[in-house]
Amino acid sequence: MGTAWLPLPVGEREYAEFVAPISARHQAPVIFSEHARPPSARTLLAALFAFLVLLAPAFALDFPQLTGRVVDQAGVLDAATASALTGKLADLESRTTDQFVVVTLKSLQGTSIEDFGYQLGRAWKIGAKDKNNGLLLIVAPTERKVRFEVGYGLEGTLTDAATKVIIETAIVPRFRANDTAGGISRGVDAAIGLLTGDAEASKQPVAGRPADQDDGWMFFVLLFAVGITFILIMRWVARHPGRPTGPHTGFTTGWTVGSSSGSNSSSWSSDSGGFSGGGGSFGGGGSSGSW
Amino acid sequence: MHALSPGGAVRFPFLAVLLGLLLSGCGINNIPTYEEAAKAKWSDVQNQYQRRSDLIPNLVETVKGFAKQEREVLEAVTAARARATSIQVTPELVNNPEAFKKFQDAQAQLSGALGRLLAVSEKYPELKSNQNFLALQSQLEGTENRLAVARHDYIEAVRLYNTELKTFPGNIWAATLYRADKPMETFTVADDVKKTPEVKF
């Protein structure tokens, strides 16, 4: 971080030549001149370097590169699952324009998954700029934490309660049974179900739920109904300019995002080709769980 | 020499534009820009506090249904909420250290009372498995988390604005054009670092 500009180690002679003309121009004190000790200037530089290195982790987290819709930094997904997920996520974006990225992390770098999550979402700019319709499923196997990080624009559809239920009923049981890939797949399916079937789900929540959630989904439906009431509260409360309060408020406008053209048929069939965030932002929506 | 030559008529607007560019290059717009940004962040913070406060009556009612005997804790939450909402939140609040501190203290007190309520509810298995309670709990967790993010963003925006007021060239504009613009208050670390209520499922 921030070290790219530093010169590579150079001989003292070269270094002095490099420093001297500059210091002469600025009439710097004698210690910076050629005859006096260049090492002292060098020490200064080394100190600055050490300072930057020490400060870097405090200021910024080290985020993995956004290599595709599935970023498996922790290496917990097999190739088949990863490509199946990528296909589903690409399909979601083509249908709803929502950008959904699954990421597994080697480490949370000492912070909480909530803190890491929104910063990662902002750094990657997942979601369209004018809709903030990004979604992250973050899995940190080392810390045994999982989180849905919901972009501003999706907070109405994927309420905290809804994401919590997905985590507790679809994801965590599988994770506890050491089936990380299965948990992630089920979580992604459930979230996509909510994002795509929102209208039907709120009218008749019984229809269209996967049958494999027999023990969990009754709980889920009830919570979702309660969650809907809070959408109403949120609409009252969260009236931000430039921040869609509901999931579909922005859908009538044509979406005009240059870089998120991953939804154009060319790139989303491939694993990682040309996928990038569309400028969306995050404000800490979603929920977390641990196993 | 030829002040009234045709060239002069062209040159004047050109100079005006140049002057404008130079001035904006000097950061003449920075103070109002940063101020508006900080105000927007402040309204985010307010929204989240408001949302939290909207969630509380339902939560209190739900807990009451299962744990009437915890009257003291329930009343503490209700009272703290009443105190927090009684404070008139005006845009000027952020420029008034005393009022800001009062607001912050009241909200911190409410956070504490809420934390106790959620801790107490751990004792009631029926409450803990109540759907309504679980939903409220996750909404509340989410709100606390959004609050943390909104506060963080606000602190950052205020830092930019306050720094602009005090540093060159912003301090020149602050002393001349924008004399009415005062530094904004920001959250102290104690409140910002406060953990969200720990909730176990």
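Parameters at a glance
- Residues numbered from 1 in each chain as written.
- Chains lettered and ligands numbered in written order.
- Predicted model: local features only at pLDDT ≥ 70, side-chain atom pairs only at ≥ 80, totals over all residues.
- Heavy atoms only, no water.
- Helix = DSSP H or I, 4+ residues; strand = E, 2+ residues; numbered from the N terminus.
- Contact = heavy atoms within 4.5 Å.
- Areas by Shrake-Rupley, 256 points an atom, 1.4 Å probe, with all protein chains shown as cover.
- Buried area = accessible area lost by both parts, 1.4 Å probe.
- Salt bridge = Lys/Arg side-chain N within 4 Å of Asp/Glu carboxyl O.
- Polar contact = N/O pair within 3.5 Å; in protein donor to acceptor, adjacent residues only side chain to side chain.
- Buried < 20%, exposed > 50% of the residue type's maximum accessible area, 1.4 Å probe, protein only.
- Expected span 1.5 Å × (residues − 1).
- Bend = angle between axes of the 7 residues up to and from the residue.
- Axes fitted to C-alpha atoms, helices over the stretch in contact; angles between N-to-C directions.
- Parallel < 35°, antiparallel > 145°, perpendicular 65-115°, else oblique.
- Left-handed = near helix turned anticlockwise from the far one by under 90°.
- Nonpolar A, V, L, I, M, F, W, Y, C, P; charged D, E, K, R; others polar.
- pLDDT = per-residue confidence, 0-100.
- Pairing = 2+ DSSP bridges.
- Right-handed = clockwise from strand over helix to strand, strands pointing away.

## Considering the overall build of chain A
(1) Moving on: The helix and strand tally for chain A stands at eight helices and five strands.
(2) Moving on: In sequence order, chain A lays out its α and β elements as α-α-β-α-β-α-β-β-α-α-α-α-β.
(3) Moving on: Of the contacts made within chain A by residues no fewer than 6 positions apart, 72% connect residues no fewer than 24 positions apart.
(4) Moving on: Carbon and sulfur atoms form 60% of the exposed surface of chain A, whose accessible area is close to 13,700 Å².

## Some remarks on the interface of chain B and chain A
(1) Moving on: Across the contact, 23 residues belong to chain B and 26 residues belong to chain A.
(2) Moving on: Contact between chain B and chain A buries roughly 2,100 Å² in total, counting both sides, with carbon and sulfur atoms accounting for 56%.
(3) Moving on: The largest share of the area that chain B buries against chain A comes from Gln131, Gln139 and Arg146 of chain B, three residues that together contribute 26% of it.
(4) Moving on: Applying the counting criterion to the chain B and chain A interface returns three salt bridges.
(5) Moving on: Of the charged contacts, one joins Glu155 of chain A and Arg146 of chain B as a salt bridge, the two residues approaching to 3.1 Å between their closest N and O atoms.
(6) Moving on: Between the two partners, chain B and chain A, sit five residue pairs in polar contact (both at pLDDT 80 or more).

## Brief notes about the pattern of salt bridges
(1) Moving on: All told, the structure shown has 17 salt bridges over all chains when counted by the stated rule.
(2) Moving on: Here Glu93 of chain A ties to Arg69 of chain A by a salt bridge, and the two come within 2.7 Å at their closest N and O atoms. Pair noted here: Glu93 of chain A is in helix 3 (residues 79-96) and Arg69 of chain A is in the loop between helix 2 (38-59) and strand 1 (70-72), with a separation of 24 residues, a long-range link.
(3) Moving on: Classification of Arg69 of chain A by relative accessible area gives buried; the value is 3%.
(4) Moving on: Here Lys39 of chain B and Glu36 of chain B are joined by a salt bridge, their closest N and O atoms 3.7 Å apart. Of this pair, Lys39 of chain B and Glu36 of chain B are both found in helix 2 (residues 30-66), three residues apart, which corresponds to roughly one turn of the helix.
(5) Moving on: What emerges from the salt-bridge pattern is a single network uniting Glu155 and Asp160 of chain A together with Arg146 of chain B.

## Quick notes on helix 2 of chain B
(1) Moving on: Over its 37 residues, helix 2 of chain B extends 54 Å from the first C-alpha to the last, a length consistent with the 54 Å expected when each residue adds 1.5 Å.
(2) Moving on: Of all the bends in helix 2 of chain B, the greatest, near 25 degrees, is centred on Ile56 of chain B, and the proline Pro57 of chain B appears no more than four residues after it.

## A closer look at the environment of Phe148 of chain A
(1) Moving on: Topologically, Phe148 of chain A is positioned in strand 4 (residues 145-151).
(2) Moving on: Taking relative accessible area as the criterion, Phe148 of chain A reaches 0% and is therefore assigned buried.

## Side note on the packing of helix 2 of chain B against helix 6 (residues 131-166) of chain B
A pair of packed helices can be characterised by two numbers: the angle between their axes and the separation between those axes.
Residues and elements named next belong to chain B.
(1) Moving on: Closest axis-to-axis distance for the helix 2/helix 6 pair is 8 Å, and the angle between their directions is 160 degrees. Judged on the interaxial angle alone, helix 6 and helix 2 are roughly antiparallel. Judged by the twist between their axes, the crossing of helix 2 over helix 6 is left-handed.
(2) Moving on: Looking at side-chain class alone, the contact of helix 2 with helix 6 contains 21 nonpolar, seven polar and ten charged residues.

## Concerning the confidence of the model for chain B
(1) Moving on: Confidence in the prediction of chain B, expressed as mean pLDDT, is 82, and 87% of residues score 70 or more.
(2) Moving on: In the model output, the complex is listed with pTM 0.65 alongside ipTM 0.73.

## A word on the side chain of Thr96 of chain A
(1) Moving on: You can see Thr96 of chain A is positioned in helix 3.
(2) Moving on: A polar contact of 3.0 Å, which involves the side chain of Thr96 of chain A, links it to the side chain of Asp98 of chain A.

## A word on the pairing of strand 3 (residues 134-140) of chain A
Residue and element names in this part refer to chain A.
(1) Moving on: Burial within strand 3 is extensive, with seven of its seven residues counted as buried.
(2) Moving on: Neither face of strand 3 is left uncovered, since the one carrying Gly134, Leu136, Ile138 and Ala140 and the one carrying Leu135, Leu137 and Val139 both have all their residues buried.
(3) Moving on: Relative to strand 3, strand 2 (residues 99-104) is paired through six bridges, and the arrangement is parallel. By the bridge assignment, Gln99 is partnered in strand 3 with Gly134.
(4) Moving on: In terms of handedness, the path from strand 2 via helix 4 (residues 113-124) over to strand 3 forms a crossover that is right-handed.
(5) Moving on: Relative to strand 4, strand 3 runs antiparallel, the two sharing six bridges. Each residue of the ladder has a partner; that of Leu135, found in strand 4, is Val150.
(6) Moving on: Connecting strand 3 to the antiparallel partner strand 4 that follows it, the hairpin turn spans four residues, and Arg144 within it adopts a positive phi of roughly 55 degrees.

## What about the side chain of Glu93 of chain A?
(1) Moving on: You can call Glu93 of chain A buried: its relative accessible area is 0%.
(2) Moving on: In terms of polar contacts, Glu93 of chain A uses its side chain to reach the side chain of Arg69 of chain A, at 2.7 Å.

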